[in-house]
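Tertiary structure, described
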Amino acid sequence: ARPVDFTPTGRDPFVRFVEDPNTDKTAAVFDSLGHVLARWRAEGREPYFFVHHPDDLHAPALARFAQARWHALAPDTFPAPPAWPAETRGQLSLF
């Protein structure tokens, strides 16, 4: 396990998440982080959260997964993830 330090050093802490894209493996980490982010927001902090992956292919899906978990954890703190355009309408035409 890697050491994790959740000590904020200012009003707007940055969190960079670089991890396995398999959500079964990262769910517990996202849950722990959700509690930390909720606490920071309750303290009046405005945290920024970034998800990365070596090729960033999985980053949008991981960010959406995290937001959904955090919304379930603290719906008054974290908004529900909005629908992606592809979920609400078909693919845009090229012509």
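Described below are features of the structure shown in this document. Model, not experiment: these values are computed from the prediction. (Residues numbered from 1 in each chain as written. Predicted model: local features only at pLDDT ≥ 70, side-chain atom pairs only at ≥ 80, totals over all residues. Heavy atoms only, no water.)

1. Some thoughts on helix α1 (residues 23-42)
With 20 residues, α1 should reach 28 Å at 1.5 Å per residue; the first-to-last C-alpha distance of 27 Å fits that figure. Where α1 is concerned, the buried positions are T26, A27, F30, L33, G34, V36, L37, A38 and W40. Structurally, α1 contributes buried residues whose contacts are with β1 (14-18), β2 (48-52) and α2 (59-73). Backbone geometry just downstream of α1 places G44 in the positive-phi region, at approximately 90 degrees. (Helix = DSSP H or I, 4+ residues; strand = E, 2+ residues; numbered from the N terminus. Expected span 1.5 Å × (residues − 1). Buried < 20%, exposed > 50% of the residue type's maximum accessible area, 1.4 Å probe, protein only. Contact = heavy atoms within 4.5 Å.)

2. Some thoughts on the nonpolar core
Counting residues in hydrophobic clusters, the biggest one holds 15 residues, and the most contacted among them are F30, L37, W70 and F78. Going through the elements one at a time, β1, α1 and α2 are the ones with two or more residues in this core. Discounting residues that sit within four places of it in the chain, F78 has contacts with G34, L37, A38, R41, W70 and H71. (Core = buried A, V, L, I, M, F, W, Y, C linked by side-chain atoms within 4.5 Å.)

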